[in-house]
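# Residue-level structural notes
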Amino acid sequence: MMQSDRKIWSTLINQRHILLLILILGGLAGVYVSIFAGTSWGMLFYLFPLLLLFVIICLASPIRCFLLLYISSYLVMGIGRYITLPLPAGVILDILILFNFLSLALHYIRGNPLGKVYYNPFLLIAMLWMLFCLLEIINPMSTFANWITTVRSIGMHIVFFQLLVFLNLDNIHRLRLYFGLWGVLILLGAFKAIGQKYIGLDQFESAWLYTFGAHTHVIYSGIRYFSFFTDAANFGCHMGLGMVVFTILSFYEKNVNRRVFYVAVALMSLYGLMISGTRAALAVPFVGFAFFIILVKEWKWIILGIGLLLLAFSFFNLTTIGNSYPDVRRMRTAFSFSKDASFNVRLENQKKMRSFMSDHPFGIGLGSSKHTNPGDAMHNIATDSSFVFIWVETGIVGLVLYILICLTILGFGTYYVLFILKDNRIKSIAAASTAGLAGIMVAGYANEVLHQMPTGQTVYILMGIIMLSPVLDKKLYHDTSTV
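This one's a predicted model, so the numbers in the text were calculated from it and none came from an experiment.

To continue, consider the environment of I303. As for its position among the elements, I303 is in helix α12 (residues 299-318). For the pair formed by I303 and I293, sequence separation is 10 residues and the distance between their alpha carbons is 8.7 Å.

And the structure:
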């Protein structure tokens, strides 16, 4: 055995001995504490070594930390229905973001390579938006408590997640790993909603639905199913986003197993969208696929796409086929805006907002629209839209900057797909991400979904992937040894 091999095996043996010693000591401490302080405290000592081992494993690999962060953004709100979280969900996510950067720092200190931060115009605009949101702390109409609860998800995560994408998803294999994980999570979310529909709600979901004010999910046609998401609108729009992205990925995927997986995710996303009862979610596939038609330069896809969109539009708007099914009947009402009572209520609310927003070009302050008291301008007025929410809290100045962010990322995605990207693998990912973002942004006008977990985090990750795509394309297209 060579000297280097002996050294490697010696290191591994030493690490295993240390981990085994930690587990043994934790177990002995658990027995001792159980005897003298009770079972609950004893279990804490039993679990602590396993938690420590989990932390060590995650810290040893930044990509594991990144995937853990995304899984947490997906599940933490649903878990909060069953147990009392030790910290607010947003704070848990912030801790995991810091954990990610710590893992990256340790990885770099150990001499391992990291991805690079690629400074680009979109990242600079996002940083300008973050700075604007940070400066909202001086808005006299808000409070520090309201500001701190909102500024992270609205202003800071858009920058942090882009940086994490640059540093972690820096090759095609890791990109596929991310989309594979996202697909699995979409399937879990869809299956959970199907279970709610055909098996029934558990006691915790029923309590959330009927006791804690989620009464808007109970409608004339039944229940708007929400899976483990924050609400049915978030669930339905996220399923629409997944449907667009994975359908487009399946068009270009050559590996049979991956293509079957992508198609399965797209179909389950479609069903999840339907049973969510969220009519605005229909905008995601309609707009997303229409945007994809713009991105492709192959006539077969253009003709097929236009044909399918016209067929779907005709089905919902010109026929009554399937009206015996409540889910189809509710989706069909999305094409009758003037007859939609909830849509008209939103228009009335926006009229009320316009009456005082002209005096607040920088908004009423981050967090203020969600924490009102009797007498406040926004008391008992729901924003019900991501863009209206931005307008109310950051004013017309913030809204213009936010719309600039949305248009810029769609512009870069379109430019890259049409003129820059050469490798079909990266081009398909960029096209799917751009089309998906176009759809979810339009849905964000009708529903407040762009900043909800996990849709907001997914949107930020897709933005980062789009901006990273030219770098990955150059690596793949000019390096034939890369698979």
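Next, the rest of the story.
With 13 residues, helix α11 (residues 283-295) should cover 18 Å at 1.5 Å per step; its first-to-last C-alpha distance of 18 Å lies within 8% of that length. When we look at burial in α11, the residues that qualify are V284, P285, F286, G288, F289, F291, F292, I293 and L295. In this structure, the buried residues of α11 make contact with α9 (232-252), α10 (256-275), α12, α15 (386-420) and α16 (424-446).

If you walk through the whole model with that rule in mind, you get 28 aromatic pairs. Each ring, one from Y70 and one from Y74, has its centre 5.7 Å from the other, and the planes form 65°; the classification is edge-to-face. Taken as a pair, Y70 and Y74 lie in helix α3 (residues 62-79) at a separation of 4 residues, close to a single helical turn. Taken as a pair, Y70 and Y74 share a single burial class, namely buried.

Quick look at the side chain of R81 now. The topology assignment puts R81 in the loop between α3 and α4 (89-109). It is E205 that comes nearest to the buried, bridge-free R81 among opposite-charge side chains, at 5.7 Å.

With respect to the helices and strands, the residue D202 is situated in the loop between α7 (172-198) and α8 (203-210). For D202, a relative accessible area of 25% puts it in the partly exposed group. Setting aside residues up to four positions removed in sequence, D202 forms contacts with Y82 and K192. One polar contact links the side chain of D202 to the main-chain amide nitrogen of F204, over a distance of 3.1 Å. Looking at D202, its side chain comes within polar contact range of the main-chain nitrogen of E205, at 2.8 Å.

The grouping of I79, Y82, I83 and F204 at the surface amounts to a nonpolar patch, some 340 Å² of accessible area in total. The exposure class of I79 is partly exposed, given its relative accessible area of 39%.

Cut-offs used in this document
Residues numbered from 1 in each chain as written. Predicted model: local features only at pLDDT ≥ 70, side-chain atom pairs only at ≥ 80, totals over all residues. Heavy atoms only, no water. Helix = DSSP H or I, 4+ residues; strand = E, 2+ residues; numbered from the N terminus. Expected span 1.5 Å × (residues − 1). Buried < 20%, exposed > 50% of the residue type's maximum accessible area, 1.4 Å probe, protein only. Contact = heavy atoms within 4.5 Å. Phe/Tyr/Trp six-rings, centres within 6.5 Å; stacked < 30°, edge-to-face > 60°. Lys, Arg positive; Asp, Glu negative; His and termini not counted. Salt bridge = Lys/Arg side-chain N within 4 Å of Asp/Glu carboxyl O. Polar contact = N/O pair within 3.5 Å; in protein donor to acceptor, adjacent residues only side chain to side chain. Patch = residues over 30% accessible without salt bridge, like charges linked within 9 Å, V, L, I, M, F, W, Y side chains within 5 Å. Areas by Shrake-Rupley, 256 points an atom, 1.4 Å probe, with all protein chains shown as cover.

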